[in-house]
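Here is what each chain is made of, one letter per residue.
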Amino acid sequence: MDAQATNKQVDQTEFVQMTDEEAMYQEEAMIMEKRGRRLRRAALTAGIFQAISIVCIMYTAITVRWVLIEWNQPERTAYEIGNSIGLFKMGIVADTTMVISETFVGVLLGLILIGAGVNPATSSLIITFKVVATAIMGANVIFMIAAGLLLDENLPIYKTVSQYFYSDYQPPIGTQLAYLMLLINKYGLTFAQVFSGVHLGLLGFTIVMWGVFPRWMGYTILLAGPMLILNSFLIFVMPGYDGAISFFFMIPYFVGTIWLAGWCLVNTPHPSKNREFGSYPQEDQVLEPQQE
């Protein structure tokens, strides 16, 4: 009992003797610890949604756009989709899930950057371009839904369209409209890549300058942005180019996003290393204890 009373008295004496600078340092350390836990939760959530988005993109690209769709043969495309309508509609679900996941990723990354000390204006700009890109992608899902409705032989609308728009000399009107919807979806996604490229360029530049994530990840993402923009402009501007080498332009994007997803699942973002580029709250500054 005497030993416990003595230890308690010593602890109280040490607490009383703590200087103001040491007390402020301890308080700031506790604040930073709480902030670190919040950043970890946000990074984990962003990593999960990014992983979901990658899986959905790969499913739609392989199952729908490479297997079911033959851009030079509309009637074959309609036949393949009609026979595998379940796979096609799963692609619609995958694209919708991807849009939702990408929206969460964009907002969470912006909040992580702000929480780590990056200029709020820069973080908000990154979020804005991400949200615009996902909004365009979401709008393009409507055209996939329309194509599925026109080619699903089990739906009443398929019989209605076939009955009232039948022709002996042309492909069925449902095939023509479905192919047109798929084309709009394809080039709408290409247009969305312009905004995704700007988002990735800003994000990569921010990572390189502020160091919240690994610097080499930042360089990879920074390269992915201009590559996406260049691919989109070549498709829209260059005569005769239909995206034959688009996969080459997409390599940095897939490497960067997979790297980002994996890193966020197991790591915590670093505090910003270039805080002088913007103004930050006073509590972000951790005081160093004075040495006596």
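Details of the packing of helix H5 (residues 120–151) against helix H7 (residues 173–210)
(1) Moving on: H7 packs onto H5 with a crossing angle of 165° between their chain directions and a minimal axis gap of 8 Å. In terms of their interaxial angle, H5 and H7 are classed as roughly antiparallel. As for how H5 packs across H7, the hand of that crossing is left-handed.
(2) Moving on: Per-class residue counts for the contact of H5 with H7 are 27 nonpolar, 9 polar and 1 charged.

With respect to the environment of Thr-122
(1) Moving on: As for its placement among the helices and strands, Thr-122 is situated in helix H5.
(2) Moving on: For Thr-122, a relative accessible area of 22% puts it in the partly exposed group.
(3) Moving on: Sequence separation between Thr-122 and Leu-203 is 81 residues; the distance between their C-alpha atoms is 9.0 Å.
(4) Moving on: Among all residues touching Thr-122, those that are not within four sequence positions of it are Thr-206 and Trp-210.

Some words on the confidence of the model for the protein
(1) Moving on: Chain-level statistics for the protein give a pLDDT mean of 80 and a share of 77% at 70 or above.
(2) Moving on: Confidence, expressed as mean pLDDT per element, reaches its minimum in the protein at helix H1 (residues 2–16) with 51 and its maximum at helix H8 (residues 215–237) with 92.
(3) Moving on: Segment residues 275–292: pLDDT under 50, and 28 contacts once partners within four positions in sequence are set aside and those in other chains are kept.

Calculation notes
- Residues numbered from 1 in each chain as written.
- Predicted model: local features only at pLDDT ≥ 70, side-chain atom pairs only at ≥ 80, totals over all residues.
- Heavy atoms only, no water.
- Axes fitted to C-alpha atoms, helices over the stretch in contact; angles between N-to-C directions.
- Helix = DSSP H or I, 4+ residues; strand = E, 2+ residues; numbered from the N terminus.
- Parallel < 35°, antiparallel > 145°, perpendicular 65-115°, else oblique.
- Left-handed = near helix turned anticlockwise from the far one by under 90°.
- Nonpolar A, V, L, I, M, F, W, Y, C, P; charged D, E, K, R; others polar.
- Buried < 20%, exposed > 50% of the residue type's maximum accessible area, 1.4 Å probe, protein only.
- Contact = heavy atoms within 4.5 Å.
- pLDDT = per-residue confidence, 0-100.

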